[in-house]
Amino acid sequence: MNALTYFFITWFPVYLVEGRGLSLLEVGFVAALPALCGFAGGLAGGFASDALLRRGHSLTFARKLPSVVGMTLATSIALCSITDSSALIVAIMTLAFFGKGIGSLGWAITTDLAPPQATSFVGSTMNAFGNIAGIVTPIVIGYTVQATGSFDVALWFVAAHGALALVGLAVMGTIKRIRLDEPR
């Protein structure tokens, strides 16, 4: 998820200006749309997960369904490489960031899994490793754009992270709290 987030934070405006030829004024108006929809998606994912739990669905289903739907939408960012329409690109980017928001249940899943004695450690470890994407993604995109002269491979790189999240969700198994034995 952080790869998607950091693409939007670091490269989305540059992509619109350099990759799509929008003016800075146009980018100023357009760049806020995905962020606002990502915020709305984050709320929607949390509300949907909680609603599924209230309706009696398992914790695994309630956490994974919004995550799968969200990450599937997030991978749509790759579709930007097959169109030249700036309006369609902004719509796809907005949909992708909305999906990323829906799928952002990592902290909920972390607190569902972490043993009570290690919640802080598990959360901080997840955050530390997740933020490696914040370091790596902007660098990889910069070198990719420089090497290819295009953002297409970079968009596929970001979409691949959404696909990788889907694979992770598929192999994760049942979501249940890990119990540590108390020392004797």
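Reading the values: the criteria
Residues numbered from 1 in each chain as written. Predicted model: local features only at pLDDT ≥ 70, side-chain atom pairs only at ≥ 80, totals over all residues. Heavy atoms only, no water. Helix = DSSP H or I, 4+ residues; strand = E, 2+ residues; numbered from the N terminus. Contact = heavy atoms within 4.5 Å. Areas by Shrake-Rupley, 256 points an atom, 1.4 Å probe, with all protein chains shown as cover. Lys, Arg positive; Asp, Glu negative; His and termini not counted. Charge placed at Lys NZ, Arg CZ, Asp CG, Glu CD. UniProt positions renumbered as here; feature names shortened; annotations may be inferred. Axes fitted to C-alpha atoms, helices over the stretch in contact; angles between N-to-C directions. Parallel < 35°, antiparallel > 145°, perpendicular 65-115°, else oblique. Left-handed = near helix turned anticlockwise from the far one by under 90°. Nonpolar A, V, L, I, M, F, W, Y, C, P; charged D, E, K, R; others polar. Core = buried A, V, L, I, M, F, W, Y, C linked by side-chain atoms within 4.5 Å. Buried < 20%, exposed > 50% of the residue type's maximum accessible area, 1.4 Å probe, protein only. Salt bridge = Lys/Arg side-chain N within 4 Å of Asp/Glu carboxyl O. 1 Å grid on protein atoms, 1.4 Å probe; cavity = no way out; pocket = protein on both sides within 12 Å on 5 of 7 lines; lining within 4 Å. Points joined across faces, edges and corners; volume = space filled by probe spheres on them.

### Considering the overall build of the chain
Within the chain, the regular secondary structure consists of 10 helices and zero strands. Going from the N terminus to the C terminus, the chain shows its helices and strands as α-α-α-α-α-α-α-α-α-α. Taking the principal axes of the C-alpha coordinates as reference, the chain spans close to 65 × 35 × 25 Å. Considering only residue pairs separated by 6 or more positions, the chain has 73% of its internal contacts joining residues 24 or more positions apart. Accessible area for the chain stands at about 9,900 Å²; split by element, carbon and sulfur atoms hold 69% of it. With 10 positive and 8 negative side-chain charges, the chain shows a separation of 15 Å between the mean positions of the two kinds.

### Notes on the UniProt feature "transmembrane region" (unreviewed entry) in the chain
Those residues carrying the UniProt feature "transmembrane region" (unreviewed entry) are residues 29-53, 88-109, 121-141 and 153-175 in this numbering. Along residues 29-53, the helical share is 96% and the strand share 0%, with 38 Å between the first and last C-alpha atoms. Secondary structure content for residues 121-141 is 95% helix and 0% strand, while the C-alpha to C-alpha distance between its ends is 31 Å.

### So, the packing of helix α4 (residues 32-54) against helix α6 (residues 86-102)
Contact geometry for α4 and α6: axes closest at 6 Å, N-to-C directions at 30 degrees. Here α4 is positioned roughly parallel relative to α6, judged by the angle of their axes. With respect to the hand of their crossing, α4 and α6 are arranged in right-handed fashion. Across the interface between the two elements, Leu33, Pro34, Ala35, Cys37, Gly38, Ala40, Gly41, Gly42, Ala44 and Gly45 of α4 pack against Val90, Met93, Thr94, Phe97, Phe98, Gly101 and Ile102 of α6. For the contact of α4 with α6, the residue count by class is 11 nonpolar, six polar and no charged.

### Topic: the nonpolar core
Core analysis: the largest hydrophobic core is formed by 28 residues, its most contacted members being Phe7, Tyr15, Leu16, Ile77 and Met93. When contributions to this core are tallied by element, the ones reaching two or more residues are α1 (2-10), α2 (12-19), α3 (24-30), α5 (59-74), α6, α9 (132-148) and α10 (152-172). If one sorts the elements of this core by residue count, α6 sits on top with six residues. The contact partners of Phe7, leaving out residues within four places of it in the chain, are Phe12, Ile77, Met93, Thr137, Ile141, Leu155 and Val158.

### A short note on the pattern of salt bridges
When charged atoms on two side chains of opposite charge get close, those side chains can pair. Counted according to the given criterion, the structure contains three salt bridges. Close ionic contact of Asp84 with Arg20 constitutes a salt bridge, the shortest N to O distance being 3.4 Å. Of this pair, Asp84 sits in the loop between α5 and α6 while Arg20 sits in the loop between α2 and α3, and the two are 64 residues apart along the sequence. Asp84 gets classed as exposed once you look at its relative accessible area, which sits at 70%. Linking Asp50 and Arg63 is a salt bridge whose minimum nitrogen-to-oxygen distance equals 3.9 Å. Taken together, the residues span a long stretch of sequence, with Asp50 in helix α4 and Arg63 in helix α5 at a distance of 13 residues. Linked by salt bridges that have partners in common, Asp50, Arg63 and Asp112 make up one network.

### Considering the layout of surface pockets
By volume, the largest pocket is sized at about 810 Å³. In terms of lining residues, the largest pocket is bounded by 27 residues, among which Met1, Asn2, Gly106, Met126 and Ala165 are the most central. Elements that contribute at least two residues to the lining of the largest pocket include exactly α1, α7 (106-113), α8 (119-130) and α10. By residue class, the composition of the lining of the largest pocket is 14 nonpolar, 12 polar and one charged.

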